[in-house]
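Survey of secondary and tertiary structure
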Amino acid sequence: MSSESISNVPPSVKGVDRDKDMSSHPINVESKGVNFWYGDNQVLFDVSLQVPERSVTAFIGPSGCGKSTFLRCLNRMNDLIEGTRITGELQIEGQDINAKDVDVVLLRKHVGMVFQKSTPFPKSIFDNVAYGPRIAGQRNRAYLADLVESCLRQAALWDEVKDRLQDSAMALSGGQQQRLCIARTLATKPKIILMDEPASALDPASTSRIEDLIGELCNEYTIIIVTHNMQQASRVSHQTAFFFEGKLIELARTTQIFTNPKQKQTEDYITGRFG
Amino acid sequence: MRRRLLLSSSFRLICRVAVYSAILVLVTLLSVVLWLAMERLTLQFFQRGFSLIPDRAGIKAGIWGSFWLISLTAIFSLPVGIGAAVYLEEYASDTRLTRLIKVNLSNLAGVPSIVYGMLGLTVFVRMFGMFGRGIQLNLLSGWLVVPLPFGKSVIAGALTMSLLILPVVIITTQEALRAVPGTIRTASLALGATRWQTIWSQILPASLPGITTGAILAISRAIGETAPLIMVGAVTYCRICPGGIESVQTLLTDPQRVLAAPFDKYTAMPISIYGWITSGPPFMSVAAAGIVVLLFVLTCFNGIAVYIRQRARNKLKW
Ligand SMILES: Nc1ncnc2c1ncn2[C@@H]1O[C@H](COP(=O)(O)OP(=O)(O)OP(=O)(O)O)[C@@H](O)[C@H]1O
Ligand SMILES: [Mg+2]
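1. Points about the overall build of chain B
- If you tally the helices and strands in chain B, you get 13 helices and two strands.
- For chain B, the spread of C-alpha atoms along the three principal axes comes to 65 × 65 × 35 Å.
- Within chain B, buried positions represent 42% of all 318 residues.
- Counting only contacts in chain B whose residues sit at least 6 apart along the sequence, the fraction spanning at least 24 positions is 77%.
- Accessible surface, chain B as shown: approximately 17,500 Å² in total, 68% of it carbon and sulfur.
- Taking the 27 positively charged and 10 negatively charged side chains of chain B as two groups, their mean positions are separated by 10 Å.

2. Some words on the overall build of chain A
- Across its full length, chain A carries 10 helices and 10 strands.
- Its C-alpha radius of gyration of 19 Å places chain A within 12% of the 19 Å reference for a compact globule of 275 residues.
- Overall, chain A is about 60 × 45 × 35 Å in size when its C-alpha atoms are taken along their principal axes.
- Evaluated residue by residue, chain A yields a buried proportion of 54% over its 275 residues.
- For chain A, long-range pairs separated by at least 24 residues make up 70% of all intrachain contacts whose partners lie at least 6 apart in sequence.
- Summed over its atoms, the accessible surface of chain A is roughly 11,900 Å², and 46% of this surface lies on carbon and sulfur atoms.
- Placing the 31 positive and 33 negative side-chain charges of chain A at their respective mean positions leaves the two points 4 Å apart.

3. A short note on the sheet that holds strand 5 (residues 95-96) of chain A
Residues and elements named next belong to chain A.
- The strand order across the open sheet built from four strands is 2-1-4-5, with neighbouring strands paired in antiparallel fashion. The outermost strands of the open sheet, each flanked by one partner alone, are strand 2 (41-52) and strand 5.
- The sheet contact formed by strand 1 (residues 27-38) and strand 2 spans eight bridges and is antiparallel. Bridge pairing links Glu 30 to Gln 50 in strand 2.

4. What to know about unusual backbone geometry
- The peptide bond linking Leu 148 of chain B to Pro 149 of chain B adopts the cis configuration, its omega dihedral lying at -5 degrees.
- As for its placement among the helices and strands, Pro 149 of chain B is situated in the loop between strand 2 (144-148) and helix 6 (154-178).
- Positive phi outside glycine occurs at Arg 54 of chain A, with the angle close to 50 degrees.
- As for its position among the elements, Arg 54 of chain A is in the loop between strand 2 and strand 3 (56-60).

5. Side note on the site of ligand 1
All names here are of chain A.
- As a matter of local geometry, ligand 1 sits amid 13 residues, with Ser 63, Lys 67, Ser 68, Thr 69 and His 228 nearest to it.
- Contact between ligand 1 and Thr 69: an oxygen atom at 2.4 Å from a side-chain N or O atom of the residue.
- The greatest single-element share of the shell around ligand 1, amounting to four residues, is contributed by helix 1 (residues 67-74).
- Taken together, the residues of the shell around ligand 1 break down into four nonpolar, six polar and three charged.

6. As for the interface of chain A and chain B
- Contacts between chain A and chain B engage 21 residues on the former and 21 residues on the latter.
- It is Pro 122, Tyr 131 and Ile 135 of chain A in chain A that bury the most area against chain B; as a group they hold 27% of the surface buried on that side.
- Scanning the region where chain A abuts chain B turns up zero salt bridges.
- The tally of links between chain A and chain B comes to five residue pairs in polar contact (both at pLDDT 80 or more).
- No other element matches helix 2 (residues 104-110) of chain A, which puts three residues into the side of chain A that touches chain B.
- Residues of the side of chain A that touches chain B, tallied by class, amount to 12 nonpolar, four polar and five charged.

7. Some points on the packing of helix 4 (residues 96-109) of chain B against helix 6 of chain B
All names here are of chain B.
- Packing of helix 4 against helix 6 leaves a shortest axis separation of 8 Å and a crossing angle of 130 degrees. Taken as axis vectors, helix 4 and helix 6 run oblique relative to one another. The way helix 4 lies across helix 6 gives a crossing that is left-handed. Two secondary-structure elements touch here, helix 4 through Lys 102, Leu 105, Ser 106, Leu 108 and Ala 109 and helix 6 through Pro 167, Val 168, Ile 170, Ile 171 and Gln 174.
- Residue composition of the contact of helix 4 with helix 6, by class: seven nonpolar, two polar and one charged.

8. Comments concerning the sheet that holds strand 3 of chain A
Residues and elements named next belong to chain A.
- The six strands are arranged 6-7-8-3-9-10 in an open sheet whose pairing can be described as mixed. The sheet is open, and its two borders are formed by strand 6 (111-114) and strand 10 (247-253), each paired with just one other strand. Going across the sheet, the axis of each strand differs from the next one's by a mean of 20 degrees, ignoring polarity.
- Note that strand 9 (residues 239-244) and strand 10 share six bridges and pair antiparallel. Within strand 10, the residue paired with Thr 240 across the bridge is Ala 252.
- Contacts from helix 6 (residues 174-186) reach strand 6 and strand 7 (192-196), with the element oriented near 170 degrees to strand 6.

9. Some remarks on the domain arrangement of chain B
Residues and elements named next belong to chain B.
- Taken domain by domain, chain B consists of domain 1 (1-37) and domain 2 (44-315).
- Relative to domain 2, the C-alpha centre of domain 1 lies at a distance of 35 Å.
- On the side of domain 2, six residues touch domain 1, which itself brings five residues to the contact.
- Between domain 1 and domain 2, a total of about 420 Å² is buried, with carbon and sulfur atoms accounting for 90% of that surface.
- For domain 1, the biggest contributors to the area lost against domain 2 are Val 33, Leu 36 and Ala 37; these three give 79% of the whole.
- At the junction of domain 1 with domain 2, the criterion picks out zero salt bridges.
- Inspection of the region where domain 1 meets domain 2 yields zero residue pairs in polar contact (both at pLDDT 80 or more).
- Class assignment of the residues belonging to the side of domain 1 that touches domain 2 gives a composition of five nonpolar, no polar and no charged.

10. Some remarks on the pairing of strand 2 of chain B
Residue and element names in this part refer to chain B.
- The element strand 2 is extensively covered by neighbouring structure, given that four of its five residues are classed as buried.
- Inspection of the sheet shows strand 1 (residues 135-139) paired to strand 2 by five bridges, in the antiparallel sense. Paired with Asn 138 across the bridge in strand 2 is Val 145.
- Connecting the antiparallel pair strand 1 and strand 2 is a turn made up of four residues, with Leu 140 showing a positive phi of about 50 degrees.

Thresholds, definitions, all that
- Residues numbered from 1 in each chain as written.
- Chains lettered and ligands numbered in written order.
- Predicted model: local features only at pLDDT ≥ 70, side-chain atom pairs only at ≥ 80, totals over all residues.
- Heavy atoms only, no water.
- Helix = DSSP H or I, 4+ residues; strand = E, 2+ residues; numbered from the N terminus.
- Buried < 20%, exposed > 50% of the residue type's maximum accessible area, 1.4 Å probe, protein only.
- Contact = heavy atoms within 4.5 Å.
- Areas by Shrake-Rupley, 256 points an atom, 1.4 Å probe, with all protein chains shown as cover.
- Lys, Arg positive; Asp, Glu negative; His and termini not counted.
- Charge placed at Lys NZ, Arg CZ, Asp CG, Glu CD.
- Rg over C-alpha atoms; globule rule 2.2 N^0.38 Å.
- Pairing = 2+ DSSP bridges.
- Near = heavy atom within 4 Å.
- Polar contact = N/O pair within 3.5 Å; in protein donor to acceptor, adjacent residues only side chain to side chain.
- Nonpolar A, V, L, I, M, F, W, Y, C, P; charged D, E, K, R; others polar.
- Buried area = accessible area lost by both parts, 1.4 Å probe.
- Salt bridge = Lys/Arg side-chain N within 4 Å of Asp/Glu carboxyl O.
- Axes fitted to C-alpha atoms, helices over the stretch in contact; angles between N-to-C directions.
- Parallel < 35°, antiparallel > 145°, perpendicular 65-115°, else oblique.
- Left-handed = near helix turned anticlockwise from the far one by under 90°.
- Domains from an automatic or database assignment.

Here is the structure:
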């Protein structure tokens, strides 16, 4: 097969240094032999991987291969679905998150999540961002105002909404809503941010804003992003994981996955032979 | 082609006739009632209680009776109904038992009201004869006297009405909760909210218009309901208002009467109307006046429900 079809890796977004040496970063997320079932239907098979702190990891793979399922394991959102079962070990900062004494509410504050479909609450922009801290018991108005501003700035939304913080969030455009959801997640001060196809419903301009945003956030947060867009995966991530039929086929540096994958299946997928 | 056009236009005609004839019947009915009621709808009509002389008959006792009945019904049925719906929709896992309950709720909503009347008679009015001739419970150092069994008191009627509208309240609340997109739930939980916080600060506010509308419609059903009240002993010939409260001022300033009112005997608007209608031709116009008042109250309730729903529709869009 010709190698040129996979050799054109687009330049990375600002802030993501794909060649950065991550070996000094502590391991933030570690999965050891994770299996997962919906009822009797096993959808994850023996998934083991490591994610270093303050890096971006992209999950790619054909539809239905279990990317979202694995992502939801990391903040235990699968608990909400009846009849699910998980075996193996998932550690976040060295702690087994499926242990009996783990406080799921704290875990979810620690591991934020941004969904494919933007999900603003039918409240004002301000209340959307302040929701997380408020339910955590934060009542100090001045503190909340500062926090909302800094989160909206980090999410590159402040300039667009600073004059209408009290307006309904439902009136924002799709791209703005998605950035609002990111700001809302940042407000709970997570360490890890999970993004499940955050830009798949957005136009190219909004998509590239989200990508730039990931470049800025990755100096502070550990980010795991699911995407069907190969270009996007290669632009924003340090390492890329390829899932196929519930198995983790390959996890390697993004530049390596896109230029010189070890597994035949990965290569076939990236070159568009299937999926 | 022509045949199809003909078919379509004649179908339209039939539908139109159906609508207009229904409206015609309704309008005729209303105008007859209004016309009959004209001479009676004076201020005095609202200031008088029951009387054997048509000229002295009024609806005051009926209005105050309905007021107490409906307020107590709302106090009993709304918290229980909304709580039950929240439990069924948000907490209960999908077991055979919860499925059984959910299915039977709609069956309960369809049970004829007279059956609830009989239930209320045994359970609340007589309390299965548990207390023999009856006892009096003195609470709050004599301020509150609770007769057991409740007998033919407002509270027995209100508890019966609560049972009657509970299924409706639960079902409409369930529907309102189900209409809240699941993404709101997941998003809130993913931000580290507890189940309770999610329900309290996201789901209930978002479904409040639906819940209120359902509650108002259920309550207005209770206002017009007659059969079960006859069973549980609303008194047709009743001159007095529960607790002897005859003005808003007394209601707000005399707590002892307020506490006593639920255990008093009572009449209600539809019961008064029923009483007048069965009292012979001289009372026809009195009954008509009562009907107009009752219809007015019901229209107000429905109007509020429509207003809330309309406003919510304009405000919330996902
Ligand atoms: N709530 C659920 N109940 C039962 N099965 C589910 C549920 N969610 C997902 N599945 C199944 O699990 C498998 C993996 O689904 P998942 O959503 O994780 O795939 P994915 O890789 O995220 O796909 P996509 O790229 O289309 O989002 C699929 O076969 C799907 O049918
Ligand atoms: Mg998915």
